[in-house]
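# Structural overview
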Amino acid sequence: MSSADERLLELFRRLPAAEQETALAFVEFLVTRSGVDVEPAPVPEPQPIPRPDNESVIAAIRRLSESYPMLDRSKMLHETSGLMAQHVMQGRAAAEVIDELELLFRRHYVRQFGSQDAS
């Protein structure tokens, strides 16, 4: 591996997951712009983690973030925090909020990657 390759890999590994996705998208853009043929990147599949009994809303957000690591959570922050506030401030049941969080993550996945199965 060349020193440039090693440096690029070192810098890439320092980035958070969401920023790594952005860096990959940018590199793919540069390659496309240069005219080099590249096969499209495979659509990342969710890695579903089973929902435990009596899960807290915070734990559900963590679980869903691990299940959908390809999503940029900053794009879902407003909706996620709104659901959390409904639970904490308005006393909405955790199970209801978690159901909506699961739908939220699935909806963002489908919006970003198309109509692939997001279950």
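The structure reproduced in this document is the subject of the present report. (Residues numbered from 1 in each chain as written. Predicted model: local features only at pLDDT ≥ 70, side-chain atom pairs only at ≥ 80, totals over all residues. Heavy atoms only, no water.)

### Comments concerning the nonpolar core
Formed by 17 residues in total, the largest nonpolar core has its most connected members in Val-57, Tyr-68, Met-70, Leu-71, Leu-101, Phe-105 and Tyr-109. Broken down by secondary-structure element, the contributors of at least two residues to this core are helix H3 (57–67), helix H4 (77–90) and helix H5 (94–113). Among the elements that make up this core, the one with the highest residue count is H5 (seven residues). The contact partners of Leu-101, leaving out residues within four places of it in the chain, are Val-57, Ile-61, Leu-64, Thr-80 and Leu-83. (Core = buried A, V, L, I, M, F, W, Y, C linked by side-chain atoms within 4.5 Å. Buried < 20%, exposed > 50% of the residue type's maximum accessible area, 1.4 Å probe, protein only. Helix = DSSP H or I, 4+ residues; strand = E, 2+ residues; numbered from the N terminus. Contact = heavy atoms within 4.5 Å.)

### What about the packing of aromatic side chains?
By the definition in use, this model includes four aromatic pairs. A ring pair is formed by Tyr-68 and Phe-105, whose centres lie 5.9 Å apart and whose planes are at 40°; its orientation type is tilted. Residue Tyr-68 is found in the loop between H3 and H4, and its partner Phe-105 is found in helix H5; the two are separated by 37 residues along the sequence. No difference in accessibility class separates Tyr-68 from Phe-105, as the two residues are buried. Put simply, the rings of Tyr-68, Phe-105, Tyr-109 and Phe-113 touch in pairs and so form one group of aromatic residues. (Phe/Tyr/Trp six-rings, centres within 6.5 Å; stacked < 30°, edge-to-face > 60°.)

### As for the layout of surface pockets
Reported here for the largest pocket is a volume of approximately 230 Å³. Around the largest pocket sit Glu-21, Leu-24, Ala-25, Glu-28, Ala-41, Pro-42, Val-43, Pro-44, Gln-112 and Phe-113, which together line it. Tallying contributions element by element places helix H2 (residues 17–34) first for the lining of the largest pocket, with four residues. When its residues are assigned to classes, the lining of the largest pocket shows seven nonpolar, one polar and two charged. (1 Å grid on protein atoms, 1.4 Å probe; cavity = no way out; pocket = protein on both sides within 12 Å on 5 of 7 lines; lining within 4 Å. Points joined across faces, edges and corners; volume = space filled by probe spheres on them. Nonpolar A, V, L, I, M, F, W, Y, C, P; charged D, E, K, R; others polar.)

### Overview of a nonpolar patch on the surface
On the surface, a cluster of nonpolar side chains totalling about 290 Å² of accessible area is made up of Phe-26, Phe-29 and Leu-30. Along the polypeptide, Phe-29 turns up in helix H2. (Patch = residues over 30% accessible without salt bridge, like charges linked within 9 Å, V, L, I, M, F, W, Y side chains within 5 Å. Areas by Shrake-Rupley, 256 points an atom, 1.4 Å probe, with all protein chains shown as cover. Salt bridge = Lys/Arg side-chain N within 4 Å of Asp/Glu carboxyl O.)

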